[in-house]
Structures are given as C-alpha cells and as structure tokens.
Amino acid sequence: MYQRTISRSIFFEGTGLHSGEYSAIYLLPIDENSGIKFEIDGKVFDVTPKNVCNTLQNITLCFGNYSIMTVEHLFSVFLGLGIDNVLIKVIEGKEIPIMDGSAKVFVDRIKEVGLVEQSTRKEYFFIDKEFSFYKNEEQYLIVRPNSRLIVDYEIDFEVIGKEKIRLEINEETYENEISKARTFGFIEDSEKLKNVGLALGASMENVHVYSKVQGKSLNGDRYQNENVRHKVLDLLGAIALFSPRLVGEFIARKSGHFIDTKLIEMVFNYTLSNS
Ligand SMILES: [Zn+2]
C-alpha cells in the first residue's frame, strides 16, 4: 500500500461547535512523508500527541500561541479513508467547522474530489505489547497486539443506556458504520456548557440531542447505537494524531478525549524510544 493525499484542494466552512464562530479551512495535497500538518497565519506546524492542550468536550491542539479546537472528527477521516499526507490551512476561526456533527460531510467531499497514491509505501506500527490508561475502574482504554485495527467499545450513559460495538476498522467499515454517527449531548446540559464557554454553536443540526426529561432522542437516530459509534469516531481521531498508523486491538470502556489522548501519547513516546 502506498501513501495517499487528496487530489486537489477542498474548502470547508461552517460553525465551530464550541466557539460558535464562523470557521473556514482548506485541505490541501502535500508531499509524501509529510503527515498531517496545520498552516495557521502563514506558519506551518507538524502534529503529534504533544500538541494536545485541552480535552474538555473536544480535542484542542496548540502550536505556540495558536490553537485549534475540535480536530477529532476531521482527523478520524484521515485514518478512516487512509489519507497519510494533508495540509489543513486555517483561513478563519480557531476551530474545525462542526458540519453536521459527524464526519459525513468531510467523507463525501473528499471522496468526490478523490485521493492520489504517492510513490512511498505507507508505514504502520504494529502494537507489540499491551498499553493501558485507567481514569478509574470503569473508565479506561487498552490497546493490545493484533494483526488488524480493531475497536471494541462500550458506553453507559443515563437515558442512552448501554451501547456496545466491536468492529475492524477499514475504509468500508469506517464510511458505512462510523462516519455518519453524530456527536451527542443532553439538552439539559446545554445551558451549563454555554456558561463555561462551550457548545456555543451547538444546534439540532449538528448534535444528536437527547432529553433527560423525555428520556429519548429529540432528532432521530442514524444508527441503532449511534452514540457508541461516535465514540469510536472520536477515538480514531485521537489515533490519527501521529503516524505511522497504529495497528492493534483497542478496548475502550466509557472512554473519552482525555483517556484517548493520554493512551495515544504513551504509545507515541514508546514509538519514539523504539525507533
Ligand atoms: Zn466527537
């Protein structure tokens, strides 16, 4: 398998889920072995898990004085569609636009434009020992050796209840089973989040909204267990924070951005010390 980039530039614009502000980015093709890079204010930055500077309700990356929020959904697309090299040029705003709350719009536009193969082979890192990060007994993430990328995820939230999924991640399963799952939230929490400056751009159009009072979703379901699928999407976004691509079996229980990025940073440090 050879490395891939997008065949031409793609423009995305919309609202930032948390900032509530207009944001616009270009995705641009970039040379092989470049990985995923950001261009902000004319300066170009590499991305590693070391750039993660906030994991409250989103993954925020910091590069010196610059920051960019909610990168996880777009990053999951790079892993899901097998895009190795791409430049994200930030035109306006400090957040990746939320689009419909899932990765669907990114996937559709990128597939419309198409990918090109480059002349260098893809690199993989096969997990060769177990890593785990426990926030507590119930919330943790483990990765174990496996010849495939497998995700086994379970969540248990009030109203939503238990949702579980186990699947191998490849282009087809990512697109069909994961990419359309929206971020979820409770309508009763929205005031509280807005008071601390989060979810300012949240709406029925970009969040799978639940009501604790009514005990159900207020805007339908795209999958039977859409919420755990979105958690898989978020985890893939964290895995995509560095290359080579990780291959192994991820076991997640009530995980989230904090746990996901902590474990990925551990694996990243390990790959550095073993390279
Ligand atoms: Zn998400």
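Up top is the structure.
Procedures and definitions
- Residues numbered from 1 in each chain as written.
- Predicted model: local features only at pLDDT ≥ 70, side-chain atom pairs only at ≥ 80, totals over all residues.
- Helix = DSSP H or I, 4+ residues; strand = E, 2+ residues; numbered from the N terminus.
- Rg over C-alpha atoms; globule rule 2.2 N^0.38 Å.
- Buried ≥ 20, exposed ≤ 12 C-beta atoms within 10 Å, placed from the backbone.
- Contact = placed C-beta atoms within 7 Å.
- Pairing = 2+ DSSP bridges.
- Axes fitted to C-alpha atoms, helices over the stretch in contact; angles between N-to-C directions.
- Core = buried A, V, L, I, M, F, W, Y, C linked by C-beta atoms within 7 Å.
- Parallel < 35°, antiparallel > 145°, perpendicular 65-115°, else oblique.
- Nonpolar A, V, L, I, M, F, W, Y, C, P; charged D, E, K, R; others polar.

The next point concerns the overall build of the protein. A count of helices and strands for the protein gives six helices and 20 strands. The C-alpha atoms of the protein give 18 Å as radius of gyration, which agrees with the globular expectation for 275 residues (19 Å, within 12%). Projected onto its principal axes, the C-alpha positions of the protein cover 55 × 40 × 35 Å. Counting over 275 residues, the protein shows a buried share of 40%. In the protein, once contacts between residues fewer than 6 apart in sequence are set aside, the share between residues at least 24 apart is 75%.

All right, on to the environment of K89 then. Relative to the assigned elements, K89 resides in strand β9 (residues 86–92). Residue classification places K89 among the partly exposed positions, given that 17 C-beta atoms sit within 10 Å. Separated by 142 residues in the primary sequence, K89 and K231 have C-alpha atoms spaced 26 Å apart. Ignoring sequence-local partners within four residues, the contact set of K89 consists of I25, Y26, L28 and E39.

Here we take up the sheet that holds strand β6 (residues 52–54). Within the open sheet, the three strands sit side by side as β6-β7-β8. Their pairing is antiparallel. Edge positions in the sheet fall to β6 and β8 (66–68), since each of these pairs with one other strand and no more. Taking the axes of each pair of neighbouring strands and ignoring which way they run, one obtains an average angle of 40° across the sheet. Bridge count for strand β7 (residues 60–63) against β8 is three bridges, and the pairing is antiparallel. Looking across to β8, one finds that F63 is bridged to Y66.

Before going further, it helps to examine the nonpolar core. Counting residues in hydrophobic clusters, the biggest one holds 64 residues, and the most contacted among them are F78, V86, V232, L235, L236 and I239. Among the elements that line this core, the one with the most residues is helix α5 (residues 226–239), at seven residues. When neighbours within four sequence positions are excluded, L235 is seen to be in contact with V151, F250, A252, S255 and D260.

Now for helix α1 (residues 72–80). Extensive coverage of α1 is indicated by the burial of nine of its nine residues. For α1, every residue scored as buried is listed here: E72, H73, L74, F75, S76, V77, F78, L79 and G80. Of the residues one or two after α1, G82 is the one with positive phi, at around 70°.

Another point: the packing of α1 against α5. The contact between α1 and α5 brings their axes to 7 Å, and the two run at 75°. By the angle between their directions, the pair α1 and α5 is classed as roughly perpendicular. Between α1 and α5, the contacting residues are E72, H73, F75, S76, L79 and G80 on the first element and L233, D234, L236, G237, A238 and I239 on the second. In the contact of α1 with α5, the residues fall into six nonpolar, four polar and two charged.

Next up on the list: the sheet that holds strand β12 (residues 131–134). Read across the sheet, five strands follow the order β12-β13-β20-β14-β15 without closing on themselves; strand pairing throughout is mixed. Two strands close off the open sheet at either side, each with one partner strand: β12 and β15 (161–168). The average angle at which neighbouring strand axes cross in this sheet is 5°, direction not considered.

Following S243, the chain continues to P244 via a peptide bond in cis, the omega torsion being 5°. Residue placement: P244 occurs in the loop between α5 and β19 (245–247). Non-glycine residue T70 carries a positive phi angle of around 55°. Counting through the fold element by element, T70 comes out in the loop between β8 and α1. The buried category is assigned to T70, around which 24 C-beta atoms lie within 10 Å. Notably, M99 is not glycine yet its phi reads approximately 55°, a positive angle.

Turning to its location among the elements, D221 is positioned in the loop between β18 (216–217) and α5. Once the C-alpha coordinates of D221 and R182 are considered, the two residues, 39 residues apart in sequence, prove to be 9.1 Å apart.

Bear in mind that shape data such as this cannot, by itself, settle questions of function.
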